[in-house]
Amino acid sequence: MDSKKFAAEWIASWNTHNLDDILKHYAEDVEITTPMIRIATGGDTDSLKGKAAVADYWGKALKKLPDLHFELVDVTTGVHSVALYYKSVMNKMSIEVMFFNEQGKVNRIFAHYS
């Protein structure tokens, strides 16, 4: 896998605000853990599982943040994984670690913010 190509495509997808384009990177059984879930939903969980649940969360977030724009700073590569360092929402810096399944789709995400 070309981690730099993936990172560029991932950033570009988010910057389009096109949910279908964003979701093409993810497996049906994707699981995401991020403090933004609690902030965005006002709920009591930091994790979501399944593409439908993640799509619902991201769809709401995109509506709440119409000026969302990510700027890639760096990408690192691990075993079946990448970590993207980027400027995120509300001028926060983020490190997002993504793990890939055998089909090359992201199935696990851990997001960290400054």
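Basis of the calculations
- Residues numbered from 1 in each chain as written.
- Predicted model: local features only at pLDDT ≥ 70, side-chain atom pairs only at ≥ 80, totals over all residues.
- Heavy atoms only, no water.
- Core = buried A, V, L, I, M, F, W, Y, C linked by side-chain atoms within 4.5 Å.
- Buried < 20%, exposed > 50% of the residue type's maximum accessible area, 1.4 Å probe, protein only.
- Helix = DSSP H or I, 4+ residues; strand = E, 2+ residues; numbered from the N terminus.
- Contact = heavy atoms within 4.5 Å.
- Phe/Tyr/Trp six-rings, centres within 6.5 Å; stacked < 30°, edge-to-face > 60°.
- Expected span 1.5 Å × (residues − 1).

### Description of the nonpolar core
Core analysis: the biggest nonpolar cluster contains 29 residues, and Trp-10, Trp-14, Tyr-26, Trp-58 and Leu-84 have the highest contact counts within it. Those elements giving two or more residues to this core turn out to be α1 (3-16), α2 (19-23), β1 (26-33), α3 (35-41), α4 (51-64), β4 (81-87), β5 (93-100) and β6 (106-113). The residues touching Trp-58, leaving out its near neighbours within four places in the chain, are Trp-14, Leu-19, Ile-22, Leu-23, Tyr-26, Ile-32 and Ile-109.

### Brief notes about the packing of aromatic side chains
Using the criterion set out here, one finds nine aromatic pairs in the structure. When the ring of Phe-70 is compared with that of Tyr-86, the centres are 4.8 Å apart and the planes differ by 50°; the resulting orientation is tilted. Here Phe-70, found in the loop between α4 and β3 (71-78), pairs with Tyr-86, found in strand β4; they are 16 residues apart in sequence, far enough to count as distant. You'll find Phe-70 and Tyr-86 in the same group, each marked buried.

### Remarks on α4
Over its 14 residues, α4 extends 20 Å from the first C-alpha to the last, a length consistent with the 20 Å expected when each residue adds 1.5 Å. Every buried residue belonging to α4 is among Lys-51, Val-54, Ala-55, Tyr-57, Trp-58, Gly-59, Ala-61 and Leu-62, and all of these are buried. Structurally, α4 contributes buried residues whose contacts are with α1, α2, β1, α3, β2 (47-49) and β6.

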